[in-house]
Amino acid sequence: MINYREENTYIKEALKNLNLPERVYIFDTTLRDGEQTPGVSLTPEEKVEIAINLDKLGVDVIEAGFPVSSAGEKEAIKKICSLNLDAEICGLARAVKKDIDVAIDCGVDRIHTFIATSPLHRKYKLKKSKEEIIDIAVEAIDYIKEHGLKVEFSAEDATRTELDYLIEVYKKAEEAKADIINVPDTVGVMIPRAMFYLIDKLKKEINIPISIHCHNDFGLAVANSLAAIEAGAEQVHCTINGLGERGGNAALEEVVMSLFALYNIKTNIKTELLYNISQLVAKYTEIKPQPNKAVVGENAFAHESGIHAHGVLAHALTYEPIPPELVGQKRKIILGKHTGTHAIEAKLKELGITNLTKEQFEEIVKRIKKLGDKGKRVTDRDIEAIVEDVVGRVAKKDRVVDLEQIAVMTGNKVIPTASVSLKVDDEVVKESSIGVGPVDAAVKAIQKALGEKIKIKEYHIDAITGGTDALAEVVVTLEGYGEEVTSKSAREDIVRASVEAVIDGINKILSKKSKKKIIEK
Ligand code: KIV
Ligand code: ZN
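Residues numbered from 1 in each chain as written. Chains lettered and ligands numbered in written order. Predicted model: local features only at pLDDT ≥ 70, side-chain atom pairs only at ≥ 80, totals over all residues. Heavy atoms only, no water.

Engineer: Got a minute to help me understand the pairing of strand β16 (residues 483-491) in this structure?
Structural biologist: Each regular strand shows side chains that alternate between the opposite faces of the sheet. In this structure, strand β15 (residues 472-480) lies alongside β16, joined through nine bridges in antiparallel fashion. Its bridge partner lying in β16, E479 is registered against E484. Here β15 folds back onto β16, and the loop between the two strands holds two residues, one of which, Y481, carries a positive phi near 50°. (Pairing = 2+ DSSP bridges. Helix = DSSP H or I, 4+ residues; strand = E, 2+ residues; numbered from the N terminus.)

Right, dumping it as structure tokens:
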């Protein structure tokens, strides 16, 4: 059981005098603030599927959307309400009757109503006095309560509102029987100490639960949310993958895993479902989390450097704070230029590749590092191609033909020409040929050098990695001397890959042929 609050002296000391809650409520706003991410628009069906998965994940509240914003939005929220999920379904409404009526019509359990309170918003957006704003807020809360629904009240831009006025607004909301007040850091300007200070002040004045809603404009949304919880906030707003307006909202997966592993505070979240829901949301929003995104990023549990991979293979906790399975991820040993032999050995084992000779293993390591040196991430498919190439080759001692040298010339004003120098039965044979392209010329030169007894029946090339320096895999089928063989080669250079595949195929045919003399003059 991971518990840094107990095991880490610094966390233990830092938290020892705080009155931390045992459990924090997760209010997910992926389908509302998350959908306000520029460029994101979910269909009703996608929203429903995400809601079902948020419910399975165990969030306490799903803010399903802003019902008044469009007919499609209303339809989606209605559908989500009709599913009878375990999570409470909430709809956002400005503190105006029209918005509230549409939300009520959707059948939500809770209405999250808001009005801005900061001097900036009062002056430039609302053009209303402090008193008018309080009256509007109270009227909206009264109206929702009259309809028997739960009210969550937000003072928009709370963190840029004068403290005494903010306290007054929230006290009026409490008197009007709001069930919970939410504190939005609307443009993400808080720092953790300031957030602690603010929530601590509010806790001393307000008796209903306090919720926190942080934006990530300075990358502090999660840290500020945690600071609010340290000061006593009972509920936290967050979104899957940290989606949301501008820099986004506090990422649910980061908040939840911090609470779980660092604070030892419970939530209702089934953490092993986090990666899956992150993928689902990424698919529908078409926004993939950055690879180095905490918890759900593709690199969150990936190790490339020789030192780290070796450490993790010896004992996972050396370079992983939590096991990947805890969040539905898998450990990945990435091969590249930093890779050490331990990692390559482990990777080959994972891919089921065993029984390599020392010579083959060394060649594979050399080829993987060479690919990594080009700035490439070496994929499993690359490794398989390299292994097939190295292992599939006819052993050196059994080879009749070997490539000594190859030179090709091509261009817009020259006929593609290739010259090859082959070692055949310890004799050096040189030949050249023209062709329709450099590969064709090279293969024809080999065939000429070997007396054209072996023919190419099929030739196939595939790029494995992307980019102009991709690893290319060539597969050829050759026939000759009554035999038919298939051979492969993988190289970044397609001419070399083609030539090697052909020469390897020729060696296969010749090793099957009892008489190993190839050039019958
Ligand atoms: O960031 C914000 O202020 C909001 C409000 C609607 C609460 O999302
Ligand atoms: Zn927001």
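Engineer: Help me understand the coordination of the zinc ion (ligand 2) in this model?
Structural biologist: Here the zinc ion (ligand 2) is held by D33 (OD), H213 (NE2) and H215 (NE2), and the distances to it run 2.0 to 2.1 Å. The sequence pattern formed by the donor residues of the zinc ion (ligand 2) is D-x179-H-x1-H. Within this pair, whereas D33 is found in the loop between β1 (25-28) and α3 (44-57), its partner H215 is found in the loop between β7 (210-214) and α10 (221-230), the two being separated by 182 residues in sequence. Under the relative-accessibility criterion, D33 is labelled buried at 2%. (Donors = N, O, S within 2.8 Å, 3.2 Å for Na, K, Ca; no water. Buried < 20%, exposed > 50% of the residue type's maximum accessible area, 1.4 Å probe, protein only.)

Engineer: Can you help me understand the sheet that holds strand β3 (residues 88-94) in this one?
Structural biologist: Within a sheet, adjacent strands bond to each other through the backbone by hydrogen bonds, running parallel or antiparallel. The strand order around the closed barrel built from eight strands is β1-β2-β3-β4-β5-β6-β7-β8, with neighbouring strands paired in parallel fashion. If you compare each strand with its neighbour and ignore which way they point, the axes differ by 25° on average. As paired elements, strand β6 (residues 180-185) and β7 share five bridges and run parallel to each other. Paired with N182 across the strands is S211, a residue of β7. Packing of helix α7 (residues 130-146) onto the sheet brings it into contact with β4 (110-116) and β5 (150-156), and relative to β4 it is tilted by some 170°. The sheet strands contacting helix α9 (residues 192-205) are β6 and β7, and the helix crosses β7 at an angle near 155°. (Axes fitted to C-alpha atoms, helices over the stretch in contact; angles between N-to-C directions. Contact = heavy atoms within 4.5 Å.)

Engineer: What's the story with a negative patch on the surface in this structure? I'm lost.
Structural biologist: A cluster of acidic residues, E131, E132, D135, E139, D142, E146, D164 and E168, forms a negative patch at the surface. Broken down by secondary-structure element, the contributors of at least two residues to the negative patch are α7 and α8 (163-175). In terms of residue count, the dominant contributor to the negative patch is α7 (six residues). Within the element layout of this structure, D142 appears in helix α7. (Patch = residues over 30% accessible without salt bridge, like charges linked within 9 Å, V, L, I, M, F, W, Y side chains within 5 Å. Areas by Shrake-Rupley, 256 points an atom, 1.4 Å probe, with all protein chains shown as cover. Salt bridge = Lys/Arg side-chain N within 4 Å of Asp/Glu carboxyl O. Lys, Arg positive; Asp, Glu negative; His and termini not counted. Charge placed at Lys NZ, Arg CZ, Asp CG, Glu CD.)

Engineer: Explain the side chain of K293 here, please?
Structural biologist: Within the element layout of this structure, K293 appears in the loop between α12 (274-285) and β9 (302-303). Of note is the side chain of K293, whose polar atom sits 2.4 Å from the side chain of E254. (Polar contact = N/O pair within 3.5 Å; in protein donor to acceptor, adjacent residues only side chain to side chain.)

Engineer: Would you mind showing me how to read unusual backbone geometry here?
Structural biologist: What is expected of a backbone is that most residues other than glycine have negative phi and most peptide bonds are trans. Phi at D157 takes a positive value of approximately 60°, unusual for a residue other than glycine. Here D157 lies in the loop between β5 and α8. Located in the positive-phi region is N241, a residue other than glycine, with phi close to 65°. Within the element layout of this structure, N241 appears in the loop between β8 (235-238) and α11 (252-263).

Engineer: Looking at this model, I keep getting lost on the packing of α7 against α8. Mind explaining?
Structural biologist: Axis angle and axis distance: for two packed helices, these are the angle between their axes and the distance between the axes, and together they describe the pair. Between α7 and α8, the least distance of the axes is 9 Å, while the angle of their chain directions is 25°. If you check the angle between α7 and α8, you find them roughly parallel. Between α7 and α8 lies a crossing whose hand is right-handed. Across from K130, I133, I134, V138 and I141 in α7, the residues of α8 making contact are Y165, E168, V169, K172 and A173. (Parallel < 35°, antiparallel > 145°, perpendicular 65-115°, else oblique. Left-handed = near helix turned anticlockwise from the far one by under 90°.)

Engineer: Hey, could you run me through the sheet that holds β15 in this one?
Structural biologist: Across the sheet, which stays open at both edges, the three strands sit in the order β14-β15-β16 with antiparallel pairing between neighbours. One side of each edge strand has no neighbouring strand; the edge strands of this open sheet are β14 (455-463) and β16. Taking the axes of each pair of neighbouring strands and ignoring which way they run, one obtains an average angle of 15° across the sheet.

Engineer: What's the story with the pattern of salt bridges in this structure? I'm lost.
Structural biologist: Side chains bearing opposite charge may pair, as long as their charged atoms lie close to each other. For the structure shown, the criterion picks out 37 salt bridges. Measuring nitrogen to oxygen at the nearest pair gives 2.7 Å for the salt bridge that ties E234 to K203. Here K203 lies in helix α9 and E234 lies in the loop between α10 and β8, a separation of 31 residues in the sequence. For K203, a relative accessible area of 28% translates into the label partly exposed. By sharing partners, the salt bridges in this structure join E88, R110, K150 and E152 into a single network.

Engineer: So what exactly am I meant to see when it comes to the pairing of β1 here?
Structural biologist: Of the pairings in the sheet, the one linking β1 to β8 comprises four bridges and is parallel in character. In the sheet register, D28 faces β8, and the bridge partner there is C238. Where β1 and strand β2 (residues 61-65) come together, two bridges link them in parallel fashion. Counted as the bridge partner of D28 is I62 from β2. Remark: the β1/α3/β2 crossover connection has right-handed handedness. (Right-handed = clockwise from strand over helix to strand, strands pointing away.)

Engineer: What is the right way to read the site of ligand 1 from this model?
Structural biologist: Near ligand 1 you find R32, D33, H112, S154, E156, P184, T186, H213 and H215, and these make up its full shell. Interatomic distance of 3.0 Å between a side-chain N/O atom of R32 and an oxygen atom of ligand 1. Between an oxygen atom of ligand 1 and a side-chain N or O atom of H213, the distance comes to 3.1 Å. Burial of ligand 1 by the surrounding chains reaches 94%, relative to a free accessible area of 260 Å². Classifying every residue of the shell around ligand 1 by side-chain character gives one nonpolar, five polar and three charged. (Near = heavy atom within 4 Å. Nonpolar A, V, L, I, M, F, W, Y, C, P; charged D, E, K, R; others polar.)

Engineer: For this particular structure, what's the right way to read the nonpolar core?
Structural biologist: The tendency in soluble globular proteins is for nonpolar side chains to be buried as a group. I62, F153, Y170 and I199 are the most contacted members of the largest nonpolar core, which totals 95 residues. In this structure, A442, A445, L478 and I506 belong to the second largest nonpolar core, which totals 29 residues. (Core = buried A, V, L, I, M, F, W, Y, C linked by side-chain atoms within 4.5 Å.)

Engineer: Is there a simple way to think about the packing of aromatic side chains in this case?
Structural biologist: For the structure shown, the criterion picks out one aromatic pair. Over the aromatic face of Y25 sits the side chain of R23, whose NZ or CZ is 4.2 Å from the ring centroid. Between the NZ or CZ atom of K97 and the centre of the ring of Y143, over which it lies, the distance is 5.0 Å. (Phe/Tyr/Trp six-rings, centres within 6.5 Å; stacked < 30°, edge-to-face > 60°. Lys NZ or Arg CZ within 6 Å of the ring centre and 35° of its normal.)

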